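Structural characterization, general
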Amino acid sequence: MQELITRAKELLADGTAARVLGWRRGDLPYNPEPAFFEKEEDFDQFVYDGFCGANLSKMMIEASKLEGKTVVFLKPCDTYSFNQLLKEHRVDREKAYIIGVGCRGKLDVEKIRAQGIKGIQEIEGTELDGPEELTVKTIYGDQTVSYASAMLGRCHVCKGKEHRIYDEIIGESRETKDADRFDEVRAIEAMSPEERFAYFKKELSKCIRCNACRNVCPACSCRKCVFDSTKFDSAQKANVDSFEEKMFHVIRAFHVAGRCTDCGECSRVCPQGIPLHLFNRKFIKDIDELYGEYHAGEDAESKSPLTDYRFEDAEPGIVGERG
Amino acid sequence: MYKIAKNDLRALFRAIAGERELYLPVKTAGQVNFAAWEEDAEVSLDTLKTVKSPKDAFFPQFETLYMCRTEEKKLQIQPQALKDKEFVVFGMRACDVQGVKVLDKVFLSDPVDSYYRARREHGILVAIACHEPEESCFCKVFGVDAAEPDADVAAWMIGEDLIWKPLTEKGERLTESVKELLQPADGAEEKVQKEQEQIRAILEKLPYTHLSLEGWNGDATDEKFNSPVWETLYKPCLGCGTCTFVCPTCQCYDIKDYKTADGVQRYRCWDSCMYSDFTLMAGGNNRTTQLQRFRQRFMHKLVYFPANNEGMYSCVGCGRCVEKCPSALNIVKVIKAFEKQGGGENV
């Protein structure tokens, strides 16, 4: 972490950048928040540990409008989002100095709580070069849990350690993948239509329409969302009937299809723990199967299968036949 | 005081639900929220914080106000029937009860909200003391005692039993109706006292318990409003409505019309001061930036509300926002930021 601070201070001091976008230490062991750092003394609060799961790419949309460059710390998976935003002309490459940071999977305090741990006071072992075990000190006694058991779901199907865009890289990443990304989708596909409907109905009925999934999503970068517009009946703040929440999530999934990099932020932020990434991942799997393997955000240039036309493209009928 | 074995709670729920609607913490698809009791419901009384607060029982996220229909050439307006049957909200916490008292200030003062009043009149609150408070709790800061909930019935989970103490006439009535399942608990006072001491000792150890509210009061409007602290504080705010929707005291709502096949449904639903169209009027919006929206939420809880309600804050320290904000922001960080940086121009 010290290396990140030193380098960031250098880049500010030599005039390369006007500000640094990173994470500020929280007031609990697990709640650092995204923050801008401009002055030397601001860095007293800088942190980079296992709880810095927030993807800072989307904040670069606003940072791109500011004077001067912004140093931004991106984890390997965050760089896919940055590339995609670059492709969509939402961020300015010239305004970003990207430091690719190492990652060994990000932590989810809910996963720790789910292991019966309450009253957390301190968590040791969250640093990038930390041990494989976390020591959780609580007011009800100390406990240890494995780092892997406390990781966000998305890290178990990690896209890889490679940063897809960067100016420099600091820190080693570790392998965290221990499951196939599409296993969850296959399990859903294996359900009968009735089972599938019941599954999503149960999950989506928890939705409180807080819009956290949409607002955190790097692919949701419309200046005015149709669901916020007062010009249509679409701006529902509550689920008027049982179809409402499905409509919101299904439309959102369609809108980000082919552009979603599977960064997993939607599922990370959902206060009700809805596995929202499943919609997007199903689209990704379908796109892979219909048009050949494609990963949004792998680069900032190539055309997405859904915005490109080729003679060998699958005809719409194929989807109909396949069901 | 009475007691009932935890193992017999199902029978108690069945008995309550036989006569009244019963809402309690139920786990559905991995998350615990207040929901109507059903025979196969996975009740979770050990869950300290339901995702949403029990606010819905009195002020639901969505409710129909009336329906409009045209029949031949006549316009028919059919108001929604007011709540007219008793119901029980079981398993609230002391902070949740305080949340309802905050809502009372808003909805029961003139002009009285008839929908809310009907629910308040028919609702019976059974609140459980917090056996194991957690690090995100700070109810004590707002004068709430997690060891002694102030509801119609107060309850403590001690060992294998639930201790039951009616505190109001409504609570006595509920007790009477399930009396054959309750046993008199002789000597329970001592046990309860011991449990309360334990709870209060834990509260003392929590990181937020000694948070200072100094400087936050109804007279601090200009000083806090004009502080430069907001300019950095709001930055990670996503402008989502999570904090407002999990909050037991956020009470702002919107009224909208929804076209259905057989008429127009006028409904109200929770609104969020974090949203860009909040209080949007024909002449525009009086808060156009996220900084302004973010500031509004905390000014309302810690300055405007006490200014209008004899010093009562509209935060109860439940800590739901602490646990759920996607950007790890919350009211505690706001209070601390002002403490650290001085905040107001007069400080």
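The structure displayed is predicted, hence computed values, not measured ones.

Take the overall build of chain B next. Each helix and strand counted, chain B has 11 helices and 12 strands in total. Its C-alpha atoms give chain B a radius of gyration of 22 Å, near enough to 20 Å, the size a compact globule of 347 residues would have. Considering only C-alpha atoms, chain B reaches an extent of 65 × 60 × 40 Å along its principal axes. When the 347 residues of chain B are sorted by exposure, 44% land in the buried category. Sequence-distant contacts in chain B: of pairs separated by 6 or more residues, those separated by 24 or more amount to 71%.

This next bit is on the overall build of chain A. If you tally the helices and strands in chain A, you get 11 helices and 8 strands. Taken against the 2.2 N^0.38 rule, which gives 20 Å for 323 residues, the C-alpha radius of gyration of chain A at 21 Å falls within 12% of a compact globule. On the principal axes, the C-alpha backbone points of chain A span a range of 60 × 50 × 40 Å. Looking at chain A alone, contacts between residues at least 24 apart form 66% of all its contacts between residues at least 6 apart.

Okay, the environment of A:A17 next. All names here are of chain A. For A17, the position within the fold is in the loop between α1 (2–13) and β1 (19–24). Classification of A17 by C-beta neighbours within 10 Å gives buried; the count is 21. Placed 288 residues apart in sequence, A17 and P305 show a C-alpha to C-alpha distance of 36 Å. With residues near it in sequence (within four places) discarded, A17 still touches L11, L12, G68, K69, T70, V71 and Y97.

With that out of the way, let us pick up the nonpolar core. Membership of the largest hydrophobic core comes to 120 residues, with the highest contact counts inside it found for B:V89, B:V126, B:A127, B:C139, B:A146 and B:A155. Here the element with the most residues in this core is helix α2 (residues 94–107) of chain B; it accounts for 7 residues. Once you skip the residues sitting within four places of it in the chain, B:V89 turns out to touch B:Y23, B:F34, B:P54, B:A57, B:G123, B:L125 and B:V126. The next biggest cluster of nonpolar side chains, apart from the first, holds 52 residues, and it includes A:W23, A:F37, A:I112 and A:C158.

Moving on: the domain arrangement of chain A. Residues and elements named next belong to chain A. The assigned domain composition of chain A is domain 1 (1–115 + 152–179) and domain 2 (180–323). Distance between the C-alpha centres of domain 1 and domain 2: 25 Å. Listed as interface residues are 22 residues of domain 1 and, on the opposing side, 18 residues of domain 2. For the side of domain 1 that touches domain 2, a count of residues per class yields 9 nonpolar, 7 polar and 6 charged.

It is worth spelling out the domain arrangement of chain B at this point. Residue and element names in this part refer to chain B. Assigned domains within chain B: domain 1 (2–202) and domain 2 (221–341). A straight line from the C-alpha centre of domain 1 to that of domain 2 covers 25 Å. The partner domain 2 presents 28 residues to the 30 residues of domain 1 that form the contact. For the side of domain 1 that touches domain 2, the secondary structure elements donating two or more residues are β4 (62–71) and α2. Its residues placed into classes, the side of domain 1 that touches domain 2 shows 17 nonpolar, 6 polar and 7 charged.

With that settled, consider the environment of B:K256. All names here are of chain B. Among the secondary structure elements, K256 is positioned in strand β11 (residues 253–260). With 20 C-beta atoms counted inside 10 Å, the residue K256 sits in the buried group. Not counting residues within four places of it along the chain, the set of residues in contact with K256 comprises Y267 and C269.

Let us look at the pairing of strand β9 (residues 161–166) of chain B. Residues and elements named next belong to chain B. In terms of burial, β9 is largely enclosed, as 6 of its 6 residues are buried. Here β9 shows a buried face lined by D161, I163 and K165 and a second buried face lined by L162, W164 and P166. Following strand β8 (residues 153–158), the chain reverses through 2 residues before pairing antiparallel with β9; G159 in that reversal takes a positive phi of roughly 60°.

All right, on to the interface of chain A and chain B then. Between chain A and chain B, the residue contacts involve 37 residues of the former and 41 residues of the latter. For the side of chain A that touches chain B, the elements supplying multiple residues, two or more each, are β2 (33–37), β5 (120–124), α6 (193–204) and α7 (212–216) of chain A. Top contributing element to the side of chain A that touches chain B by residue count: β2(A), with 4 residues. In the side of chain A that touches chain B, the residues fall into 18 nonpolar, 10 polar and 9 charged.

Quick look at the sheet that holds strand β6 (residues 133–138) of chain A now. Residue and element names in this part refer to chain A. Strand order in the open sheet formed by 3 strands is β5-β6-β7, and the pairing between neighbours is antiparallel. The strands lining the two open edges of the sheet, one partner per strand, are β5 and β7 (141–146). Strand-to-strand twist across the sheet, computed as the mean angle between neighbouring axes with direction ignored, equals 25°. As paired strands, β6 and β7 are joined by 6 bridges and run antiparallel to one another. Counted as the bridge partner of K137 is D142 from β7.

Definitions and limits used
Residues numbered from 1 in each chain as written. Chains lettered and ligands numbered in written order. Predicted model: local features only at pLDDT ≥ 70, side-chain atom pairs only at ≥ 80, totals over all residues. Helix = DSSP H or I, 4+ residues; strand = E, 2+ residues; numbered from the N terminus. Rg over C-alpha atoms; globule rule 2.2 N^0.38 Å. Buried ≥ 20, exposed ≤ 12 C-beta atoms within 10 Å, placed from the backbone. Contact = placed C-beta atoms within 7 Å. Core = buried A, V, L, I, M, F, W, Y, C linked by C-beta atoms within 7 Å. Domains from an automatic or database assignment. Nonpolar A, V, L, I, M, F, W, Y, C, P; charged D, E, K, R; others polar. Pairing = 2+ DSSP bridges. Axes fitted to C-alpha atoms, helices over the stretch in contact; angles between N-to-C directions.

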